[in-house]
Amino acid sequence: MTRDGRSRLPAHVLVLGGTTEGRALAAALDGRPGLRVTSSLAGRVARPRLPVGDVRIGGFGGPDGLAAWLRAEAVDAVVDATHPFAAGMSHNAALAAAATGVPLLVLRRPGFAPVAGDRWHRVPSLAAAAELLPGLGRRVFLSSGRQGIAAFAHLDRLHFLSRSVDPPEPPLPASLDVLLDRGPFTLDGERALLREHRIDVVVTKDSGGAATAPKLTAARELGLPVVVVERPPVPDGVPVAPDVEQAVRWLERPA
């Protein structure tokens, strides 16, 4: 806080984004006097939804490259608002923040929570999900992202429906239908999708958020098993905010 009681923000905030939360944080900070906000996107999606304000696209070259960028651009605070499964970027951000002394916050939406009627099977990885699948069903809705499909490529006796923003790249399962779509998704739409494709098991990452949650409700209503891949942990010692409001409060904290 300043002496007159107003909240004080760092002069330059780097938002590691690519998520709904990252865009919302950039919007919440946009137009603040004396504040520069830069959103960084990995560039893995061909046509990403861009946040307001300054945007950079592409990697930094590992933790050393990110640390050099933080110094060169005089960054005062970093908010890691990447996808909950972007463990590599979160790890690099923690190392770069430690090397430069720049404060770091992880903005991470809460994970999915099971309710009565759910038939969830929690697994630690996509490889573990692939190992479990043959005992659960034969027609799989694979909603775990295009970059992890290779983990299921060897399952020749199963049929997969994959949904992603961009087309997946080989190796791919022999029997695969690809649906290119971007959330948020509706409950009615997810019900229709599961029925139309005669899905009998769902695979998802514990990404959390409302945009993809309807598939879990639809699976529960149809009595389908769901394989849930657990998210990686946040780097040790890094504070976490569950929403944009608390992230802004963290940025406004006294120096």
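Residues numbered from 1 in each chain as written. Predicted model: local features only at pLDDT ≥ 70, side-chain atom pairs only at ≥ 80, totals over all residues. Heavy atoms only, no water.

Observations concerning the overall build of the chain
Then comes step 1: The number of helices and strands found in the chain is seven helices and 12 strands.
Then comes step 2: Taking 255 residues into account, the globule formula puts the C-alpha radius of gyration at 18 Å, and the chain, at 20 Å, falls close to it.
Then comes step 3: The principal-axis extent of the C-alpha atoms belonging to the chain is close to 65 × 35 × 30 Å.
Then comes step 4: Residues counted as buried form 46% of the 255 residues belonging to the chain.
Then comes step 5: Of the contacts made within the chain by residues no fewer than 6 positions apart, 67% connect residues no fewer than 24 positions apart.
Then comes step 6: For the chain, the accessible surface area stands at approximately 12400 Å², while carbon and sulfur atoms represent 53% of it. (Helix = DSSP H or I, 4+ residues; strand = E, 2+ residues; numbered from the N terminus. Rg over C-alpha atoms; globule rule 2.2 N^0.38 Å. Buried < 20%, exposed > 50% of the residue type's maximum accessible area, 1.4 Å probe, protein only. Contact = heavy atoms within 4.5 Å. Areas by Shrake-Rupley, 256 points an atom, 1.4 Å probe, with all protein chains shown as cover.)

Quick notes on the sheet that holds strand S9 (residues 176-180)
Then comes step 1: The strand order S6-S11-S10-S7-S8-S9 describes an open sheet built from six strands, whose pairing is parallel. Strand pairing shows two members of the sheet lacking a second neighbour, strand S6 (119-123) and S9, which therefore form its edges. Strand-to-strand, the axes of this sheet are offset by a mean angle of 20°, without reference to chain direction.
Then comes step 2: On the sheet, helix H5 (residues 187-196) packs against strand S7 (139-143), strand S8 (159-164), S9 and strand S10 (201-205) and is oriented at approximately 155° with respect to S8.
Then comes step 3: Sheet strands touched by helix H6 (residues 214-221): S6, S7, S8, S10 and strand S11 (225-229). Its angle to S10, the strand with the most contacts, is close to 155°. (Pairing = 2+ DSSP bridges. Axes fitted to C-alpha atoms, helices over the stretch in contact; angles between N-to-C directions.)

Regarding a nonpolar patch on the surface
Then comes step 1: There is a patch of nonpolar side chains on the surface, built from Leu 50, Val 55 and Ile 57 and spanning about 270 Å² of accessible area.
Then comes step 2: Tracing the sequence through the fold places Leu 50 in the loop between strand S2 (36-41) and strand S3 (54-57). (Patch = residues over 30% accessible without salt bridge, like charges linked within 9 Å, V, L, I, M, F, W, Y side chains within 5 Å. Salt bridge = Lys/Arg side-chain N within 4 Å of Asp/Glu carboxyl O.)

Here's the deal with the environment of Ala 27
Then comes step 1: Tracing the sequence through the fold places Ala 27 in helix H1 (residues 20-29).
Then comes step 2: Take Ala 27: its relative accessible area is 45%, and that puts it in the partly exposed class.
Then comes step 3: Placed 24 residues apart in sequence, Ala 27 and Pro 51 show a C-alpha to C-alpha distance of 7.1 Å.

Side note on helix H7 (residues 244-251)
Then comes step 1: Every buried residue of H7 is listed here: Val 244, Ala 247, Val 248, Trp 250 and Leu 251. Buried residues of H7, viewed axially, fall in a sector of 155°; they line one side. For H7, the exposed residues lying more than 90 degrees away from the buried face are Glu 245 and Arg 249.
Then comes step 2: Those residues of H7 that are buried lie in contact with strand S1 (12-16), H1, strand S4 (77-80), strand S5 (104-107) and strand S12 (240-241).
Then comes step 3: Where H7 begins, the capping side chain belongs to Asp 243, and its oxygen is found 3.4 Å from the backbone nitrogen of Glu 245. (Arc of directions from axis to C-beta. Polar contact = N/O pair within 3.5 Å; in protein donor to acceptor, adjacent residues only side chain to side chain.)

Quick word on the packing of aromatic side chains
Then comes step 1: Across all of its chains, the model carries two aromatic pairs by this definition.
Then comes step 2: Ring geometry for Phe 60 against Trp 69: centres 5.6 Å apart, planes inclined by 70°, an arrangement best described as edge-to-face.
Then comes step 3: Taking the relative accessible area as the measure of exposure, Phe 60 reaches 15% and is therefore buried.
Then comes step 4: Measuring from ring centre to ring centre gives 5.9 Å for Phe 152 and Phe 160, while their planes differ by 55°; the resulting arrangement is tilted. (Phe/Tyr/Trp six-rings, centres within 6.5 Å; stacked < 30°, edge-to-face > 60°.)

Here's the deal with the confidence of the model for the chain
Then comes step 1: The predicted model of the chain has a mean per-residue pLDDT of 94, with 96% of residues at 70 or higher.
Then comes step 2: Confidence drops under pLDDT 50 across residues 1-5; counting only partners more than four residues distant or on other chains, this segment forms six contacts. (pLDDT = per-residue confidence, 0-100.)

Section: the environment of Pro 110
Then comes step 1: Residue position: Pro 110 is located in the loop between S5 and S6.
Then comes step 2: When the C-alpha atoms of Pro 110 and Leu 251 are compared, they prove to be 20 Å apart, with 141 residues separating the residues in sequence.
Then comes step 3: When near neighbours in sequence (up to four residues on either side) are disregarded, Pro 110 contacts Gly 208, Gly 209, Arg 231 and Pro 242.

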